[in-house]
Amino acid sequence: MKAPKPRSYFRNFWVSFVVGTLLVILIMVLGIGFFNAIYNAQIESRRDFLTKQSELAARGLELEIRRFEEESKDLINYLEDPNHEIDDYDEEFTYAVRRLFNAFPQLIDSAWVDMQDSVLTFTFNERNDFFRKAVDQGFPESSSKPYANLVLGKKGFRVLYNLKFLDFAKEFAENYYLNPTGAKYLFFEDQLFPLNKSEISLPESELSIIQKDLTEGVKGIYTINSSVGEDDFTGVAAQYPFRFHVANRVGAVVFVVPVESLYSGIYRTYFLSFFGFMILLIFAVSFFVISLKNSFEFQRIQESNIQEIKQLFDQQNLLLQELRGFVFFHDHRGEITRVSPEVEQVLGHSPDEFVAAFATNSSHMEAKVVKKQVMDRIAQKQDVLDLEYDFVRPDGQEIRVRVFEKLIFDGEGNFKGGMGLGTDISLQYESQEQLRESENRLRNLIRSIPDIIFIYDNSGKILDFHIPSEAAEMMPPEDVKGKNLKDLFDGPDGEGVLQTFLNALQSRKIHSLEQKIPTKSGIKHFETRFFSLDQQQMISISKNITGQKIWEKGLMEAMEAADKASRAKSEFLANMSHEIRTPMNGLLGIIDLLEQTKLDKVQKQYADIIKNSGNMLLGIIKDILDYSKIEAGKIEIIKEVYDANAELENQAKILSGLASKKEIKFTFQRADEEDLFIEADKVKINQIFLNLAGNAIKFTPEGGEVDIRLEYDPLGEAQGFLSCTVKDSGIGISSDHLQHLSEPFYQIDSSKTRSHQGTGLGLAIAKKLTELLGGSFEVESQLGEGSTFQFSVLVKRVSSPEATDPKSKTSWKDIKNSTGKYPIKVLLAEDNELNIQLMGMMLNQLGFSYEIAKNGLEAVQMVEKNGYDMVLMDVQMPVMNGLEATQAIRKLALIKQPAIIGLSANVFDEDHISAIEAGMDDYLTKPIRLGVLGERLEYFFQKIVQESE
């Protein structure tokens, strides 16, 4: 071989050098473009991922809050349920509230319930104990809570929920995956709240853009430049707005992830590798130009390329395994030339079996089906085949296979072969089938719905509808199709329907209205609800509520009848109380006076019998009125601070005398605490205690035992349960009677020969009062072996009350003994002659001089003319009653207003309140006892003396 000429060699060298250089530059340009494409694809992937995650989080948070708003209305429905008894509003209602708290454990902080006559609060403490408590400060305003939901009832009930919205949002956001270096935020009330631990901070410029998009109610995706600590970084942020009724505000979920630049992180590694590859390529081209005989370097480069191809093929195989697919190639005759080994994993046949199935002489059925489809596409000159069919594997498993194939034609249109991808789409196919079945069920369900359903576009044009057969006469389908909403209704009703539609369209919330539609069979009532189906469509559901309206009308009539019956019952009790207490006033009052005279032994015994009988009758009347007030929910809890140990021990001492008469061993054990100061309703706790202890002594025979134990069980530093156990060795109660024991008017022995008398209201009142105080009432007993009664009430533990220095006062007895009478003027306003005589004897006995007015008008005239220090004013009098007379006296221009004490046989709380509101200073109920009258007159006398000084 001749050696090349130098010029020729030099020319060839530069040609090779220029070609090699251009080749290197071209490859570099292609490489940079390739990496830029990867980088941009990664950025778009992250943007799509962030957009979807923020959308899912925002919609999920919005749906959870809306679900709470819907379920929170159940308490109002429960309170307004007419089938509930009064007892259901205690323990069962508490359970209903607790179920709602448990349904949203991280959202609800506390709840206030306006029971109309009281306000209850419900909450969990730090130990996850659930509390129900009556509060005195009234029902709070919803504006006083940062995140609150107020639910109003139709009958005056209200429920206010205080929500831990930010804590709930933070925990809710943990369910959505984000890169470990990413940040989650909640943009709410123009503030940015972090939802996870991250050092990424958003600049004010980006926040202003997000706030602008949020104001317009649109989602957003942004490229941001910020910092992590002291390092700058570039990232992607996505926000998706949400809206809900709570606080009636909007917010957005904001997710942020950093994005590595093309020259940092993993891209730096790729770029350096590519750069190294380019250096090697330059070296190879240079070496090739310098020495064409250097085959070793060429072989090394070739092996490097083969290795890269092998890695690419391995990646392709990994992708196919993840997709449960395989790749195949065939020639123009349809015979398989090559197939990937994944075919065995997908179809259960080896690559050789797959190739044999597509051989020319093969009779494989599935292969013939695919071949026929390919031939049909070739005949139609189509270059794509997309086919799905069911395939049974050799192991009997049935799968769904999708074949996607690219058919290759030359420039003249001749078929040259094809390459395709076969995948197992069983899971996707099953999901699609389930979705299809679900849609069919939904269509069948809609067909069976008796409501009228319309679907509109945002302009009100009807796109689709469902009209049941029973409504076809009112709204024939042929008159509806293609029309607009405003064309279906005219007049005032049409304006209301259209306005409701527009309100629902603008707010994207449910808006409803009621319509009266005349039909051949009469007026029909419909309730129509409009709400958005998506951003482009609206839907309305019209429900026939004619039957409900008729039922509501009947219910209102029944409620009015019940109210009338309740008022008649209250009026009857008030009248009966007044009529009974008036003669009782004379009976017990004269007995008090009679006891002050000199009586022999027989006369004193007769007087005691009359007094005890009167007190027993008065107790029966009090029990009936107490139970009536409890049943009507008019009992008021009046709390005061006192020593429970000392108070109940004093009550026990009162009963010890009765026990000693029956030779009963009576014991009382205080609680372990030396001083047990609590804040509670002392009067009602004493009433429960005396009832149970009195019953124990009453039903325990002579020589028996009655043991009373007081305990305090703390729940925390400030609250606890005050428990009292009363155990006796009395007659006991059978299991048949035990379950009815706390029912009103229930008597264990109702025969005419029973040995123990009573109304049967004592235990019923005790149980109701215990529940009213937030406690429990339990009874254990066996016939002939005695009984154990226990009650526990929730109380507040306090420190010892502030001591007050007692002021020495002059007793009315001292004044009477020294002067013989009180130096004040008293007017008695009373129309009943019996009461005039009785009150006159009492005032004489107490040492007061007095004058008499026979009606309210006369009392006003005498006060204006003579002036008095005190007026004993009967409430029910002719001409002008005591309340009107009191109001008239308070309007007189007197130098000094008298102290007015009301006298009445009416004992209801509203009567007492009316007297105080009319201007009375005090109110005494008949029968009026001598000691009580003396104590009140002494109190006002001391007050008059102090004011005169």
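About the criteria used
- Residues numbered from 1 in each chain as written.
- Predicted model: local features only at pLDDT ≥ 70, side-chain atom pairs only at ≥ 80, totals over all residues.
- Heavy atoms only, no water.
- Helix = DSSP H or I, 4+ residues; strand = E, 2+ residues; numbered from the N terminus.
- Buried < 20%, exposed > 50% of the residue type's maximum accessible area, 1.4 Å probe, protein only.
- Contact = heavy atoms within 4.5 Å.
- Areas by Shrake-Rupley, 256 points an atom, 1.4 Å probe, with all protein chains shown as cover.
- Core = buried A, V, L, I, M, F, W, Y, C linked by side-chain atoms within 4.5 Å.
- Pairing = 2+ DSSP bridges.
- Axes fitted to C-alpha atoms, helices over the stretch in contact; angles between N-to-C directions.
- 1 Å grid on protein atoms, 1.4 Å probe; cavity = no way out; pocket = protein on both sides within 12 Å on 5 of 7 lines; lining within 4 Å.
- Points joined across faces, edges and corners; volume = space filled by probe spheres on them.
- Nonpolar A, V, L, I, M, F, W, Y, C, P; charged D, E, K, R; others polar.
- Parallel < 35°, antiparallel > 145°, perpendicular 65-115°, else oblique.
- Left-handed = near helix turned anticlockwise from the far one by under 90°.
- Patch = residues over 30% accessible without salt bridge, like charges linked within 9 Å, V, L, I, M, F, W, Y side chains within 5 Å.
- Salt bridge = Lys/Arg side-chain N within 4 Å of Asp/Glu carboxyl O.
- Lys, Arg positive; Asp, Glu negative; His and termini not counted.
- Charge placed at Lys NZ, Arg CZ, Asp CG, Glu CD.
- Phe/Tyr/Trp six-rings, centres within 6.5 Å; stacked < 30°, edge-to-face > 60°.
- Arc of directions from axis to C-beta.
- Polar contact = N/O pair within 3.5 Å; in protein donor to acceptor, adjacent residues only side chain to side chain.
- pLDDT = per-residue confidence, 0-100.
- Expected span 1.5 Å × (residues − 1).

Trainee: Teacher, can you tell me more about the overall build of the chain here?
Mentor: Looking only at helices and strands, one finds 25 helices and 33 strands in the chain. Counting every position in the chain, which comprises 949 residues, the buried fraction comes to 39%. Taking all contacts inside the chain whose residues are at least 6 apart in sequence as the whole, residues at least 24 apart take part in 58%. Carbon and sulfur atoms make up 54% of the accessible area of the chain, which amounts to about 54,800 Å² in all.

Trainee: How should I be thinking about the nonpolar core in this particular structure?
Mentor: In a soluble, globular protein the nonpolar side chains are often hidden away together inside. Judged by nonpolar contacts, the single largest core of 51 residues is most densely connected at Phe93, Tyr161 and Leu186. The leading source of residues in this core is helix H1 (residues 6-72), at 7 residues. Grouped together as the second largest cluster of nonpolar side chains are 37 residues, Ile697, Tyr712, Val726 and Ala766 included.

Trainee: I would appreciate a short explanation of the sheet that holds strand S30 (residues 850-853) in the present structure.
Mentor: Sheets are built from strands paired through backbone hydrogen bonds, the pairs being either parallel or antiparallel. If you walk across this open sheet you meet the 5 strands as S30-S29-S31-S32-S33, and the pairing is parallel. Each edge of the open sheet carries a strand with a single partner, namely S30 and strand S33 (922-925). On average, adjacent strands in this sheet sit at an angle of 20 degrees to one another, irrespective of strand direction. With 4 bridges joining them, strand S29 (residues 826-829) and S30 adopt parallel strand pairing. Counted as the bridge partner of Ala829 is Ala853 from S30. Contacts from helix H21 (residues 833-846) reach S29, S30, strand S31 (870-874) and strand S32 (899-904), with the element oriented near 165 degrees to S30. Most of the contacts of helix H25 (residues 930-948) go to S33, to which it runs at about 170 degrees, and overall it touches S31, S32 and S33.

Trainee: Please clarify how empty space enclosed by the protein should be interpreted in this entry.
Mentor: Space left empty within the atom packing is revealed by a probe, the size of a water molecule, rolled over the atoms. A full pass over the atoms with the stated rule returns 2 cavities of 30 Å³ or more. Empty space within the second largest cavity amounts to approximately 40 Å³. In this structure, the second largest cavity is lined by Ala57, Leu61, Ala169, Phe172, Ala173, Leu186, Leu195 and Val253. Mapped onto the lining of the second largest cavity, the elements with two or more residues apiece are H1 and helix H4 (165-173). When residues in the lining of the second largest cavity are grouped by element, the largest group, 3 residues, is from H4. Looking at side-chain class alone, the lining of the second largest cavity contains 8 nonpolar, no polar and no charged residues.

Trainee: Where do I start with the packing of helix H16 (residues 644-661) against helix H17 (residues 682-698) in this structure?
Mentor: What describes two packed helices is the angle between their axes and the distance between those same axes. Their axes nearest at 10 Å, the elements H16 and H17 cross at an angle of 25 degrees. With respect to each other, H16 and H17 are oriented roughly parallel. The element H16 and its partner H17 pack so that their crossing is right-handed. Packed against H16, whose contacting residues are Glu647, Leu648, Gln651, Ala652, Leu655, Leu658 and Ala659, the element H17 presents Lys682, Ile685, Asn686, Phe689, Leu690, Ala693, Gly694 and Ile697 at the interface.

Trainee: Just to check I follow, could you spell out the side chain of Asp114 for this structure?
Mentor: On the secondary structure map, Asp114 appears in strand S1 (residues 108-114). The contacts of Asp114, once residues within four sequence positions are left out, are Val119, Phe139, Gly156, Phe157 and Arg158.

Trainee: Sorry, what's going on with a nonpolar patch on the surface here?
Mentor: A grouping of Val18, Leu22, Ile25 and Val29 is seen on the molecular surface, where their side chains present a nonpolar patch of about 360 Å² in accessible area. Taking the relative accessible area as the measure of exposure, Leu22 reaches 55% and is therefore exposed.

Trainee: Before we go on, may I ask you to explain a negative patch on the surface in this structure?
Mentor: On the surface, Asp109, Asp167, Glu171 and Glu174 cluster together to form a negatively charged patch. On the secondary structure map, Glu171 appears in helix H4. On the accessibility criterion, Glu171 (37% relative accessible area) is partly exposed.

Trainee: What is the right way to look at the pairing of strand S14 (residues 384-392) in this model?
Mentor: What you see with S14 is a clean split: Leu385, Leu387, Tyr389 and Phe391 sit on the buried side and Val384, Asp386, Glu388, Asp390 and Val392 on the side with no burial. Where S14 and strand S15 (residues 398-409) come together, 9 bridges link them in antiparallel fashion. Bridged to Val384 within S15 is Lys406. Between S14 and S15, which pair antiparallel and follow one another directly, the connecting turn spans 5 residues, one of which, Gly396, has a positive phi of 90 degrees.

Trainee: Mind showing me how you'd approach the packing of aromatic side chains here?
Mentor: Aromatic ring pairs are defined here through the distance separating the ring centres and the angle between the ring planes. Evaluation of the coordinates by the stated rule reveals 19 aromatic pairs. Residues Tyr456 and Phe530 carry aromatic rings whose centres are separated by 6.2 Å and whose planes lie at 35 degrees to one another, so their mutual orientation is tilted. Taken together, the residues Tyr456 in strand S17 (residues 452-457) and Phe530 in strand S20 (residues 522-532) connect sequence positions 74 residues apart. By relative accessible area, which is 1% here, Tyr456 ends up buried. For Phe530, a relative accessible area of 1% puts it in the buried group. Ring pairing ties together the aromatic residues Tyr78, Phe93, Phe101, Phe122, Phe124 and Phe130, which thus form one cluster.

Trainee: I tried to follow helix H22 (residues 856-866) on my own but got confused; where do I start?
Mentor: Side chains that are three or four residues apart share a direction in an α-helix, a result of its 3.6 residues per turn. Of all the residues in H22, the buried ones are Gly856, Ala859, Val860, Met862 and Val863. The buried residues of H22 all sit within an arc of 165 degrees when viewed along its axis, so they share a single face. Every exposed residue of H22 that faces more than 90 degrees away from the buried side is listed here: Glu864 and Lys865. Taken together, the buried residues of H22 touch S29, S30, S31 and helix H23 (882-890). With a side-chain oxygen positioned 3.1 Å from the backbone nitrogen of Leu857, the residue opening H22 is Asn855. Following H22 by one or two positions, Gly867 has its phi on the positive side, about 75 degrees.

Trainee: Would you mind going over the confidence of the model for the chain with me for this structure?
Mentor: Do not read the predicted coordinates in detail wherever pLDDT is low. In the predicted model, the chain carries a mean pLDDT of 75, and 75% of its residues have values of at least 70. Per-element confidence in the chain ranges from a low mean pLDDT of 46 for helix H20 (residues 812-819) to a high of 91 for H23. When the criterion is pLDDT under 50, residues 745-760 qualifies, and its contacts beyond four places in sequence or with other chains add up to 24 contacts. Across residues 814-820, where pLDDT falls below 50, the model places 11 contacts with residues more than four positions away in sequence or in other chains.

Trainee: Even after reading the chapter, I still don't get H21, so can you show me in this structure?
Mentor: With 14 residues, H21 should cover 20 Å at 1.5 Å per step; its first-to-last C-alpha distance of 20 Å lies within 8% of that length. Sitting at the head of H21, Asn832 places a side-chain oxygen 3.1 Å from the backbone nitrogen of Asn835. Positive phi shows up at Gly847, right after H21, with a value of about 95 degrees.

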